[in-house]
Amino acid sequence: MEVVEKIIMPQEEKENIISQTVSKYGGKLMSFIRPKVKNTEDAEDILQEVWYQFSSLTNLSEIVNVGGWLYRVTSNKITDRYRKKKTENLEDFVYEDEDGGFSIKDILLLDEGASPELKIFQDEIWKKLFEALNELPEKQRLVYEENELNSKTLQEIADEQGENIKTIISRKNYAVKHLRNRLRELYDDLNS
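Residues numbered from 1 in each chain as written. Predicted model: local features only at pLDDT ≥ 70, side-chain atom pairs only at ≥ 80, totals over all residues. Heavy atoms only, no water.

1. Observations regarding helix α7 (residues 154-161)
- Along α7, the residues that are buried comprise L154, I157 and A158. All buried residues of α7 lie within an arc of 100 degrees about the axis, which places them on one face of the element. Residues of α7 that are exposed and point more than 90 degrees away from the buried face comprise D159 and E160. (Buried < 20%, exposed > 50% of the residue type's maximum accessible area, 1.4 Å probe, protein only. Helix = DSSP H or I, 4+ residues; strand = E, 2+ residues; numbered from the N terminus. Arc of directions from axis to C-beta.)

In structure tokens form, the structure reads like this:
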């Protein structure tokens, strides 16, 4: 029986290929993803998943058409996101008033000119949001706060915490699910 040796690429060479690929295709892939998803955060998350998968490959030098591979994987990630039929942001909760609509996020960020009723409701949402955040495990709460309240990307959070991007995405998803469940009562009150 013949033993086939697998040539392992030196780490420095692999990092160089990854760096060049990210520079060459990063903007193009984001432009490809963005029109197909709800918001920029979803697009960033998908792109990070693509880069993670690409960097995890042990046979980078064996990919004949890197661009084709990246677009195929990106397309699959977008499809996967639709199949999961989950949303990752509280912004999907929408309150309809006589003048149109507001998302929960819009209500949280109301300015001083808001009606007294909306101001009271805004205060109640903030109160319930922080109660629900305090119920979360610390790591999930931290990811949510850093991403949603401090506007850091999930990749920045992963880098700061020395964690895998998939771990950070998972923590954010668990946090959002918990917050949605806790805020559902308020949401239902708005729509009744």
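2. Observations concerning unusual backbone geometry
- You will see that S151, though not glycine, has its phi angle at about 60 degrees, which is positive.
- Its place among the elements puts S151 in the loop between α6 (138-149) and α7.
- Using a relative accessible area of 60% as the deciding quantity, one classes S151 as exposed.

3. Thoughts on the packing of helix α1 (residues 11-33) against helix α2 (residues 40-56)
- Orientation of α1 relative to α2, taken along the N-to-C sense of each, is 150 degrees, at an axis distance of 10 Å. Judged by the angle between their axes, α1 and α2 are roughly antiparallel. Of the two elements, α1 crosses α2, and the hand of that crossing is right-handed. Here α1 contributes K14, I18, T21, V22, Y25, G26, L29, M30 and I33 to the contact with α2, which in turn contributes A43, E44, I46, L47, V50, W51, F54, S55 and S56.
- The class makeup of the residues in the contact of α1 with α2 is 12 nonpolar, 4 polar and 2 charged. (Axes fitted to C-alpha atoms, helices over the stretch in contact; angles between N-to-C directions. Parallel < 35°, antiparallel > 145°, perpendicular 65-115°, else oblique. Left-handed = near helix turned anticlockwise from the far one by under 90°. Contact = heavy atoms within 4.5 Å. Nonpolar A, V, L, I, M, F, W, Y, C, P; charged D, E, K, R; others polar.)

4. Considerations on the pattern of salt bridges
- Overall, the coordinates contain 7 salt bridges when judged by the stated rule.
- A salt bridge links K172 to E41, with the nearest nitrogen and oxygen atoms 2.8 Å apart. Here E41 lies in helix α2 and K172 lies in helix α8 (residues 165-190), a separation of 131 residues in the sequence. Just as K172 is buried, E41 falls in that class too.
- Put simply, K152 and E160 hold a salt bridge, and the shortest N to O gap is 3.0 Å.
- Judged by relative accessible area, which is 23%, K152 ranks as partly exposed.
- Connected via shared salt-bridge partners are E41, E148 and K172. (Salt bridge = Lys/Arg side-chain N within 4 Å of Asp/Glu carboxyl O.)

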